[in-house]
Amino acid sequence: MDPAVRNLLPAMPLHAITEVYGEEGLRARFATEAARLSDDRLAAALDLAGHLHRDDRRVREPYVNHLLRVATRLLCHYRVDDADVIVAGLLHDTVEDHPHELAGVPGDTPLPEAREAAFAVLTTRFGARVSELVRAVTNPIHDPETSKHEQYRSHVAQSLAANPWARVIKASDFTDNGVGIIHTTGTKVTKAAAKYRLVLPILRELIARDDTPLTPEVKHHIAAQFDLAERRFHAILD
């Protein structure tokens, strides 16, 4: 990438980098932010996530862009210097979306078994703490007797209450989905807005807790992003 462009990237919002420079720009911004951690697992996690999500798309973009924004937001806006958290941010959707491939088991393996095998792979490759962080933000297998939205809300409330660092990852994920909802098109927009609006009050309360390991300034930044997401949900649904 041109050095002048690379120097410009830190001054650009993440979705603006996405629109103008795409995956290449996001990868360059992430590399710049991640360099201060000097942890080889970051590159390995990005390689694994890119491989597992290689055929996944988010409307107009490759899915890996979402993962890059989540991890970069943790580094640059949330001021996280904990490599385990950044690695988990990159890998946060791998078990939920690609458990069989991650685990290296046949496609007909029952989903609960495939997921546990996938978590074991993450433990082996990246450490037990990374695996547990990914587990905390992985949505449970859907219970057909419960609505997906209500199950999602219950999972966020219960799982993140016990894991402060997982809250931080979820806040970045939610911000990318919620504030970034204006980049989504089609019928998915209203479904996503309804899902995310339901869980927003829970996330607000969790991030504001004293044991959430972020500075007051970062918590204020996240709250402002949540406000913006809420206004967008209101515009879409009401």
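Read on for an overview of the structure. The structure displayed is predicted, hence computed values, not measured ones.

Counted by the stated rule, this structure contains 4 aromatic pairs. Between Phe-174 and Tyr-196 the ring centres are 5.8 Å apart and the planes differ by 80°, which places this aromatic pair in the edge-to-face class. Of this pair, Phe-174 sits in helix α11 (residues 164-178) while Tyr-196 sits in helix α12 (residues 188-208), placing them 22 residues apart in sequence. Summarising the burial analysis for this pair, Phe-174 and Tyr-196 share the class buried. A centroid spacing of 5.4 Å and a plane angle of 85° characterise the contact between Phe-174 and Phe-226, whose relative ring orientation is edge-to-face. Here the residue Phe-174 occupies a position in helix α11, and Phe-226 occupies one in helix α13 (residues 216-237), the gap between them amounting to 52 residues. You'll find Phe-174 and Phe-226 in the same group, each marked buried. An aromatic cluster is defined as three or more aromatic residues linked by ring pairs; in this entry it consists of Phe-174, Tyr-196, Phe-226 and Phe-233. Sitting over the face of the ring of Phe-119, Arg-135 holds its NZ or CZ atom 4.1 Å from the ring centroid.

Below, the discussion takes up the nonpolar core. In terms of nonpolar packing, the biggest core is built from 69 residues, with Phe-30, Tyr-78, Ile-86, Leu-91, Leu-122 and Phe-174 touching the most fellow members. Top contributing element to this core by residue count: α12, with 9 residues. Not counting the four nearest positions on each side in its chain, Leu-91 is found in contact with Ala-45, Leu-48, Ala-49, Leu-122, Phe-126, Val-130 and Val-134.

With that out of the way, let us pick up the environment of Thr-190. Take Thr-190: it is sitting in helix α12. Taking the C-alpha atoms as reference points, Thr-190 and Ile-222, separated by 32 residues in sequence, lie 23 Å from one another. Apart from residues lying up to four places away in sequence, Thr-190 is in contact with Ile-236 and Leu-237.

Another aspect to go through is the environment of Leu-206. Residue placement: Leu-206 occurs in helix α12. If we ignore the near neighbours within four places in the chain, the residues touching Leu-206 are Val-156, Leu-160, Ala-161, Arg-167 and Thr-212.

Attention shifts here to α11. Its 15 residues give α11 an end-to-end C-alpha distance of 20 Å, which sits within 8% of 21 Å, the value for a rise of 1.5 Å per residue. Of all the 15 residues making up α11, 13 are buried; the element is thus mostly covered by neighbouring parts of the structure.

What counts and how
Residues numbered from 1 in each chain as written. Predicted model: local features only at pLDDT ≥ 70, side-chain atom pairs only at ≥ 80, totals over all residues. Heavy atoms only, no water. Phe/Tyr/Trp six-rings, centres within 6.5 Å; stacked < 30°, edge-to-face > 60°. Helix = DSSP H or I, 4+ residues; strand = E, 2+ residues; numbered from the N terminus. Buried < 20%, exposed > 50% of the residue type's maximum accessible area, 1.4 Å probe, protein only. Lys NZ or Arg CZ within 6 Å of the ring centre and 35° of its normal. Core = buried A, V, L, I, M, F, W, Y, C linked by side-chain atoms within 4.5 Å. Contact = heavy atoms within 4.5 Å. Expected span 1.5 Å × (residues − 1).

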